[in-house]
Amino acid sequence: MKLAFIIDPIHRLDPGHDTSVALMEAAQQMGHEVWITEANRLSVVGGRAYAQLQPVRLVPVELVEGRWVAAEVWFELGDRQFLPLDSLDAVFMRTDPPVDIPYLYATYVLDYVNPDRTRVINAPAGLRAANEKMYALQFTGAIPETIVTADKQVIREFVERQGAAVMKPLGGKAGEGILFAEPGDRNLNSLIEISTQQFRVPIMVQEYLPAAKDGDKRVILLNGEPIGAVNRIPTGKEFRGNMAVGGRVAAVEITERDRQICAQLAPTLRRDGLIFVGIDIIGGYLTEVNVTSPTGIREIDRLNDVRLGQQVMDWLSQSQGIEP
């Protein structure tokens, strides 16, 4: 296959952690062509989506004493070419949040990729529909007590009723801007003002789940099916388990409750073209549905001696009617 990855600047990626790199490595090792571009290099010409694409050759990471080690020079880029995206078999949209105006415009360009020729993962309409916080609200049997509002009084009453809550910006990533709130906190009004930008921007407020101290489980779904999981455990005085804020990772099983949650999500994810998704589960409750650039493959592979990237490429080959 010939594959394109829309990513952040490649020199900024961490090859030992980044899922986009893991997917590209798997594709390369299986004999597929790998090309990269960035969201600001997309165009529509003559009613077709184009991109300034560069072929990339990767030096795969190696597992040394339980951690991924990358070569000092781990990628090599070829000459840039202006090509129609529907000349490829698949396009992976893997730009990190925030989902801002330039991001949305990039999804509009991707609407002009011919779906009969090329699969876009994840589908641009699905990316627009699935705010990573709001999208979870429709799965009422899976989520904890949750509200979304910019109203200070509504937030205060929720926090007082729950005894403790977590406030999350709707457009954040990697734990950024998440705050722990308690009724007795003298800073609560200020925290609400800061989070809502003076009551102008709604935020998500969820009941605090004490099980968070035992870990925030990331489950990777491929076309609605769970294929791997990793536990992210808070360290020190940090209440967030996100890897980006220092949470340690540990192997974890996919439980029957996890599978029930995945089964509840699967029809909706498939309907919206959300093929590669990472969901977050705390204490048996769904807290987020991550669709823009979900991560976790490197950690799952390392802890479980698996290669999820190869599973993704096998599935893609089969879905495109190509022999792996």
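Preceding block: the structure.
Residues numbered from 1 in each chain as written. Predicted model: local features only at pLDDT ≥ 70, side-chain atom pairs only at ≥ 80, totals over all residues. Heavy atoms only, no water.

Undergrad: When you look at the overall build of the chain in this model, what are you seeing that I'm missing?
TA: A count of helices and strands for the chain gives eight helices and 19 strands. Taken against the 2.2 N^0.38 rule, which gives 20 Å for 324 residues, the C-alpha radius of gyration of the chain at 20 Å falls within 12% of a compact globule. Taken over the C-alpha atoms alone, the chain extends approximately 60 × 50 × 35 Å along its principal axes. Within the chain, counting contacts between residues at least 6 apart in sequence, those at least 24 apart form 68% of the total. Here the chain has roughly 14,600 Å² of accessible surface; of this, 47% comes from carbon and sulfur atoms. Taken as two groups, the 33 positive and 42 negative side-chain charges of the chain have centres that lie 3 Å from each other. (Helix = DSSP H or I, 4+ residues; strand = E, 2+ residues; numbered from the N terminus. Rg over C-alpha atoms; globule rule 2.2 N^0.38 Å. Contact = heavy atoms within 4.5 Å. Areas by Shrake-Rupley, 256 points an atom, 1.4 Å probe, with all protein chains shown as cover. Lys, Arg positive; Asp, Glu negative; His and termini not counted. Charge placed at Lys NZ, Arg CZ, Asp CG, Glu CD.)

Undergrad: When you look at a nonpolar patch on the surface in this model, what are you seeing that I'm missing?
TA: A cluster of nonpolar residues, Ile101, Tyr105 and Tyr108, forms a patch on the protein surface that exposes about 340 Å² of accessible area. Owing to a relative accessible area of 40%, Tyr108 belongs among the partly exposed residues under this scheme. (Patch = residues over 30% accessible without salt bridge, like charges linked within 9 Å, V, L, I, M, F, W, Y side chains within 5 Å. Salt bridge = Lys/Arg side-chain N within 4 Å of Asp/Glu carboxyl O. Buried < 20%, exposed > 50% of the residue type's maximum accessible area, 1.4 Å probe, protein only.)

Undergrad: Honestly, the packing of aromatic side chains in this entry has me stumped. Any pointers?
TA: What characterises a pair of aromatic rings is the spacing of the ring centres plus the angle enclosed by the ring planes. Per the counting criterion, the structure on display carries six aromatic pairs. Here the aromatic rings of Tyr50 and Phe82 are separated by 4.9 Å at their centres, their planes lie at 20°, and the arrangement is stacked. With a gap of 32 residues between them, Tyr50 in strand 4 (residues 48-58) and Phe82 in strand 8 (residues 81-84) connect regions that are remote in the sequence. Ring centres of Trp74 and Phe75 lie 4.8 Å apart, and the angle between their planes is 70°; this geometry places the pair in the edge-to-face category. Take Trp74: its relative accessible area is 9%, and that puts it in the buried class. Residue Phe75 is classed as partly exposed on the basis of its relative accessible area of 23%. (Phe/Tyr/Trp six-rings, centres within 6.5 Å; stacked < 30°, edge-to-face > 60°.)

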